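Letter by letter, the chains look like this.
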Amino acid sequence: MTRAPIDSAEPPGLPGSVTPADGPEAQGAPERTLPGGPIERLMSTVIRKLAWSRLSNPRVAVTVAGVGLLLGILVGATAPNTATLQIRLPLSQILPSLRGYNALTLAILYAGDIMACLGLAGMLWAHSQGWRPKPGRLLAVSAAVVAVMVSLTPVGSSDTASYAAYGRIAALGGNPYLRTPRDWLGAHSPYIGVVASVWRKAPSVYGPVATGIQRFAASIGGPSVEHTIWVLMILNGLVFIGVGWLLLKTSDDPVRATLLWTANPVIIQQLVSGGHLDTFVAAAAICAIQVARRVSGVWGDALIGVLIGLACGVKANAILVAVGLAWPMLRRREWMRIARIVAASLVTLTLLYSSYGLQALKPLYGGTKLVILPSPWRLFQMLGVALGVNGSTMATIISVLWPIAMIAVAWIILQRISSDQPREVVAPFALTFAWVLVAPWVFPWYTAIAWAALTQVPRNRMTRWLAIVTVLLAVWHSGGGQGGPAGAA
């Protein structure tokens, strides 16, 4: 593996600042830049040193990424422990449990998260300096890693336990939007034993597509929560690799797209090892984006609308993709296209929710009032309460202010990406990343849509921020989820 030097005064940033040899200037288009602040300048200085260090050697970068993934696998393989669900999937029965070794378990998990980030950065630096791995080979290696992970106990969150419980309710004929796991399944159900205590009395906040997936898994798993969760993990892994295959076949730069998704150790740990539904949301979202870029006409718009409707049928945050796609259309005054996409989305959602009715939206509304750290809104809320403002009033104020802040941050992100890039990709990325930065309730796996959209955006400085934010959120929230809100979303 050899690296071709880049004729640039500034080495690439972490991971992916634009350089003359790999950015818009190479094609004759000027890059839009904004003056950086002290944090940006400090980061650029550190990155400049690292970008030309041994970390940018492909072999070193791949090794570091592999060690990061291996540490995450080790945590899942030694379940049950403080960072996993309190069950054992097939490959978690080989090694002894690390139950009781809380400090060691978390140290391994956090070290894995950090090494995954460094490995990703190194691989992208190597790519910017001429490394061109075969994306098909990366996909095959990633598929092998995913095959192992889906047979390990989920790591870093108890979300899959909640998925399984809601699926069990639906499989038994209940309505997970009206009945809670504890009410319907009973306190002695094996499903209840693995659901985080804070969510045992909470109805489902996921869409009907998610409920269909959960019900399918529970129908196979039956009374065994381990089998149900295993099916959910396998389905999630298949979708993750499926998205990787789609990106390999449809991306302008399949190597970069594969590095940012299929071979990205950061999101492999968050999406696959954690078993999160956000993989399904990202799958529908990237399909909608690719169709918007490549298919025109009435049927193309209808397909975009159906895909957006399906994505929203998994989790409501997929609406950001719809807004992002509509943004450039509004600027081009393509009113009929917008009308067709909106109509197809609404019809799809109406059909999906018809089995459950409007009551399925009620738990979702309650979720909009939640605020947690490390969101700065939590500090704002605590300050308001300390000054005598009612907690409910503060929650209402925050629910009004944060969408406005999100739009402002999205606009700033748009300004930092060259204006010659396709807005059908850049706008969804800007909105979904701004949501991760600004929303009062956010977790590392929420970055899935932003990562999927970023695979289609040429190298830019936002990649470094997305990588760092994802890992910081992972370090903050990773845990078995038994103790509080880190366990579900």
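As the structure is a computational prediction, the values presented were derived from the model and not from experiment. (Residues numbered from 1 in each chain as written. Predicted model: local features only at pLDDT ≥ 70, side-chain atom pairs only at ≥ 80, totals over all residues. Heavy atoms only, no water.)

1. Description of the nonpolar core
Step number 1: The biggest cluster of nonpolar side chains holds 128 residues, and the ones touching the most others in it are Phe240, Trp261, Phe429, Phe433 and Trp451.
Step number 2: Setting aside anything within four residues of it in sequence, one finds Phe433 in contact with Ile413, Ala450, Met462, Trp465, Leu466 and Val469.
Step number 3: Ranked by size, the runner-up nonpolar core spans 6 residues in total, among them Val75, Ala83, Leu98 and Ile108. (Core = buried A, V, L, I, M, F, W, Y, C linked by side-chain atoms within 4.5 Å. Buried < 20%, exposed > 50% of the residue type's maximum accessible area, 1.4 Å probe, protein only. Contact = heavy atoms within 4.5 Å.)

2. A short note on the pattern of salt bridges
Step number 1: Per the stated rule, a full pass over the model turns up 8 salt bridges.
Step number 2: For the salt bridge of Asp252 with Arg293, the shortest nitrogen-to-oxygen distance reads 3.0 Å. With Asp252 in the loop between helix H9 (225-250) and helix H10 (254-260) and Arg293 in helix H12 (residues 278-294), the pair connects residues that are 41 residues apart, well separated along the chain.
Step number 3: Here Asp278 makes a salt bridge to Lys315, at a shortest N to O gap of 3.1 Å. Residue Asp278 is located in helix H12, and its partner Lys315 is located in the loop between helix H13 (298-312) and helix H14 (319-331); the two are separated by 37 residues in the primary sequence.
Step number 4: With a relative accessible area of 2%, Asp278 lands in the buried category.
Step number 5: Through salt bridges with shared partners, a single ionic network connects Asp301, Arg332, Glu334, Arg337, Arg340 and Glu424. (Salt bridge = Lys/Arg side-chain N within 4 Å of Asp/Glu carboxyl O. Helix = DSSP H or I, 4+ residues; strand = E, 2+ residues; numbered from the N terminus.)

3. Overview of the packing of helix H2 (residues 58-77) against helix H3 (residues 102-128)
Step number 1: Axis separation between H2 and H3 bottoms out at 7 Å; the angle between their running directions is 155°. By the angle class used here, H2 and H3 are roughly antiparallel. Between H2 and H3 lies a crossing whose hand is left-handed. Taking contact as the criterion, the partners of Pro58, Ala61, Val62, Val64, Ala65, Val67, Gly68, Leu71, Leu74 and Val75 in H2 are, on H3, Thr105, Ile108, Leu109, Ala111, Gly112, Met115, Ala116, Leu118, Gly119, Gly122, Met123 and Ala126. (Axes fitted to C-alpha atoms, helices over the stretch in contact; angles between N-to-C directions. Parallel < 35°, antiparallel > 145°, perpendicular 65-115°, else oblique. Left-handed = near helix turned anticlockwise from the far one by under 90°.)

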